[in-house]
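The primary structure of each chain is shown beneath.
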Number of protein chains: 2
Amino acid sequence: MSALFCGRALPALRSALARATGARTLTGTRNVGGSRVMEGKLDRFGGVTVDLGDTLFTPDIGEEEFGLLLTDSLQRWRAEGRVAVWLKVPVAHSRLLPVAASQGFAFHHARGDRATLSLWLAAGDSRLPEFATHQVGVAGAVLDESNGKVLVVQDKNKMKNAWKFPGGLSNLGENIGATAEREVFEETGVRAEFRSLLSIRQQHKHPGAFGMSDMYLICRLSPLSFRIHLCTQECLRAEWMEVAELARTSDTTPITSRVAKLLLYGFREGFDKVDLSMEELPAVYTGLFYQLYHRQLPESYRHS
Amino acid sequence: MSALFCGRALPALRSALARATGARTLTGTRNVGGSRVMEGKLDRFGGVTVDLGDTLFTPDIGEEEFGLLLTDSLQRWRAEGRVAVWLKVPVAHSRLLPVAASQGFAFHHARGDRATLSLWLAAGDSRLPEFATHQVGVAGAVLDESNGKVLVVQDKNKMKNAWKFPGGLSNLGENIGATAEREVFEETGVRAEFRSLLSIRQQHKHPGAFGMSDMYLICRLSPLSFRIHLCTQECLRAEWMEVAELARTSDTTPITSRVAKLLLYGFREGFDKVDLSMEELPAVYTGLFYQLYHRQLPESYRHS
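What you are looking at is a predicted structure, and each value in this text was computed from that prediction instead of being measured.

Re the pattern of salt bridges
1) Next: Going through the model one piece at a time under the given rule, you end up with 34 salt bridges over all chains.
2) Next: Here Arg220 of chain A makes a salt bridge to Glu145 of chain A, at a shortest N to O gap of 3.8 Å. Of this pair, Arg220 of chain A sits in strand S12 (residues 213-223) while Glu145 of chain A sits in the loop between strand S8 (134-144) and strand S9 (149-155), and the two are 75 residues apart along the sequence.
3) Next: Residue class for Glu145 of chain A comes out partly exposed when judged on its relative accessible area of 43%.
4) Next: A salt bridge links Arg201 of chain B to Asp214 of chain B; the nearest nitrogen and oxygen atoms lie 2.9 Å apart. Of this pair, Arg201 of chain B sits in strand S11 (residues 192-203) while Asp214 of chain B sits in strand S12 (residues 213-223), and the two are 13 residues apart along the sequence. Each of the two residues, Arg201 of chain B as well as Asp214 of chain B, counts as buried.

Encoded structure:
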């Protein structure tokens, strides 16, 4: 039982709640065996979800009243064999969060004007899925095949002025290729078109990722324009550099150097040596599309 | 000005706050031109961070008092040219969240026992980095090269009993290959070893990703054991199936079918045709390691 209730007798509180609920309707709750419990939505994994934004009792419910309602609801859900509880809480109702935390709930995630808390009820470790664990960054290696030059930049605010490919974080819902094209344009003013995926880096506890992981993807692009208009807010300088020079110089990052060698290999011996091609396919459930990247399949295997 | 204050005269509140701060120390605040403002940590991007878990005034500060402190602090930060404010709020102090929200703050993210709110102060759209946008799922295609059979499962709780590769979500901080090995073992009892990355799928608004995006990676593994011990909690059945049959059957998902064709191509003509190899490299800043995936480079290009 939560420390929030230690100063008062539970039976007295419970009968006060019963009286209160007699005087007004606590929408989103129901009476079960003399106790008032919250109504939740059951999911197919055996979890129950209560959205405090949907339940009309929350605007004026007291913290002690909510605590009791939650205690009795949890007792009921456990008795019914529910495996977990999700509690969605609009920021306006945040005074109820410490009550939920005192009964074992923790933040699962929060965005904008609402937080989602969770509590695992079943035996053993929680099997609830984690919230998003990765930020996605994309860099664009724009190679001009007519002269073997690649577009490189130097970031502002860095200790070492290393040459690298323009790039940055994907916005939510943005495809990998679209991020590459956008970042190249924002940083250098060069218009370019996604061709293939070249390399992926996974890094945990990434600085700047709020303690989470980083997935960094480097794409090959073809230029559609060539004139550089430097974004001086982000970049110190930008230029078209011989890919062979970028592959050789120490004035770059280890990953840029590695990808420059890949690009050089592809430029000299055919990009099919280094490319993952992309295909857009319809998703069965959502009606949306997904992007699939892999090595090109010979025609004879595509319809095997 | 927030609606929270509309019923009371601000000057009266402000002098009450001044009196209160005379009587006790508000640690984590300072007096600037007659107003009390919060002390924050400045970052190199021009943002300021206040952690309410570090500031000793929060346990007993009133909501109105905090609202006034925040109003005056924001005015000060704007005057100082700060571009953004990060507010870290332990769940125990959640009653202060609606106050912050009423002054424009929104949830940036939350995990466990704390939430982080943010407010963009500078002109134009927010340039604050988003929190993690992707969950990462990994499947393991375990191919027995001695007989061309691959390990496939059918999930429980699905409409259609399609054959697919065992897999699941990465835990926070878990490498791609480690997830593949763990999921294969958990679902089938088969021990297998990561070999290469074969394919990547990016999908937005993924069902089950809490409105976020999904990055799904399919790896090639070599079996270390062969006896199947089915996890009946997750799987309906599991078996070793000819990869040529999996590439042919309609009793599978589109992605599994595609990857089966890739596997068949690699099995018949050499895995170098389809693999992205992995290399672990040290990260400059953190002292940790990252994993880099790309097409194998010929020796002559590795040291160009």
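Read on, since the account is not over.
Some remarks on the confidence of the model for chain A
1) Next: Residues of chain A with pLDDT of at least 70 account for 90%, and the chain-wide mean is 90.
2) Next: Taken together, the stretch residues 1-7 of chain A has pLDDT below 50 and engages in 13 contacts with residues farther than four places along the chain or on a different chain.

A short note on the relation of the copies chain A and chain B
1) Next: In the superposition of chain A on chain B (RMSD 0.0 Å, axial shift 0.0 Å), the rotation amounts to 180°. Those values place the two copies in the arrangement expected of a two-fold rotation axis. No C-alpha of chain A approaches the rotation axis more nearly than that of Arg95 of chain A, which lies at 2.1 Å.

Digging into the interface of chain A and chain B
1) Next: Residue-level contacts link 87 residues of chain A with 87 residues of chain B.
2) Next: Between chain A and chain B the total buried area reaches about 7,800 Å² when both faces are included, carbon and sulfur atoms providing 63% of it.
3) Next: Linking chain A with chain B are four salt bridges.
4) Next: Across the pair Arg258 of chain A and Glu279 of chain B runs a salt bridge, and its minimum N-O distance is 2.7 Å.
5) Next: Inspection of the chain A/chain B interface yields 29 residue pairs in polar contact (both at pLDDT 80 or more).
6) Next: A per-element tally of the side of chain A that touches chain B places helix H6 (residues 254-269) of chain A first, with nine residues.
7) Next: The residue makeup of the side of chain A that touches chain B, split by class, is 43 nonpolar, 24 polar and 20 charged.

Some words on the domain arrangement of chain A
1) Next: Parsing chain A into structural domains produces domain 1 (3-120) and domain 2 (134-294).
2) Next: Centre-to-centre, using C-alpha coordinates, domain 1 of chain A lies 48 Å away from domain 2 of chain A.

Description of the pairing of S11 of chain B
1) Next: Buried residues dominate S11 of chain B, accounting for 10 of its 12 residues.
2) Next: Of the pairings in the sheet, the one linking strand S15 (residues 289-294) of chain A to S11 of chain B comprises five bridges and is antiparallel in character. Bridging across to S11 of chain B, Tyr290 of chain A finds its partner in Gln203 of chain B.
3) Next: Across 10 bridges, the pairing between S11 of chain B and S12 of chain B is antiparallel. When the sheet's bridge partners are listed, Ala192 of chain B is paired in S12 of chain B with Pro223 of chain B.

Observations regarding the packing of aromatic side chains
1) Next: If you walk through the whole model with that rule in mind, you get 10 aromatic pairs over all chains.
2) Next: With 5.5 Å between their ring centres and 55° between their planes, Phe210 of chain A and Trp86 of chain B make a pair best called tilted. Within this pair, whereas Phe210 of chain A is found in the loop between strand S11 (192-203) and S12, its partner Trp86 of chain B is found in strand S5 (residues 84-90), the two belonging to separate chains.
3) Next: By relative accessible area, Phe210 of chain A is classed as partly exposed at 28%.
4) Next: Judged by relative accessible area, which is 9%, Trp86 of chain B ranks as buried.
5) Next: Plain terms: the ring middles of Tyr265 of chain A and Tyr301 of chain B are 4.9 Å apart, the flat faces sit at 45° to each other, and that makes the pair tilted. Of this pair, Tyr265 of chain A sits in helix H6 while Tyr301 of chain B sits in helix H7 (residues 299-302), placing the two residues on different chains. For the pair Tyr265 of chain A and Tyr301 of chain B, a shared accessibility class is recorded, and that class is buried.
6) Next: Members of the aromatic cluster, joined through ring pairs, are Trp86 and Phe131 of chain A together with Phe210 of chain B.
7) Next: The ring of Phe185 of chain A is capped by Arg191 of chain A, whose NZ or CZ atom sits 3.5 Å from the centre of that ring.
8) Next: Against the face of Phe271 of chain B rests Arg220 of chain B, its NZ or CZ located 3.7 Å from the ring centre.

About the criteria used
Residues numbered from 1 in each chain as written. Chains lettered and ligands numbered in written order. Predicted model: local features only at pLDDT ≥ 70, side-chain atom pairs only at ≥ 80, totals over all residues. Heavy atoms only, no water. Salt bridge = Lys/Arg side-chain N within 4 Å of Asp/Glu carboxyl O. Helix = DSSP H or I, 4+ residues; strand = E, 2+ residues; numbered from the N terminus. Buried < 20%, exposed > 50% of the residue type's maximum accessible area, 1.4 Å probe, protein only. pLDDT = per-residue confidence, 0-100. Contact = heavy atoms within 4.5 Å. Least-squares fit on C-alpha atoms with pLDDT ≥ 70 in both. Buried area = accessible area lost by both parts, 1.4 Å probe. Polar contact = N/O pair within 3.5 Å; in protein donor to acceptor, adjacent residues only side chain to side chain. Nonpolar A, V, L, I, M, F, W, Y, C, P; charged D, E, K, R; others polar. Domains from an automatic or database assignment. Pairing = 2+ DSSP bridges. Phe/Tyr/Trp six-rings, centres within 6.5 Å; stacked < 30°, edge-to-face > 60°. Lys NZ or Arg CZ within 6 Å of the ring centre and 35° of its normal.

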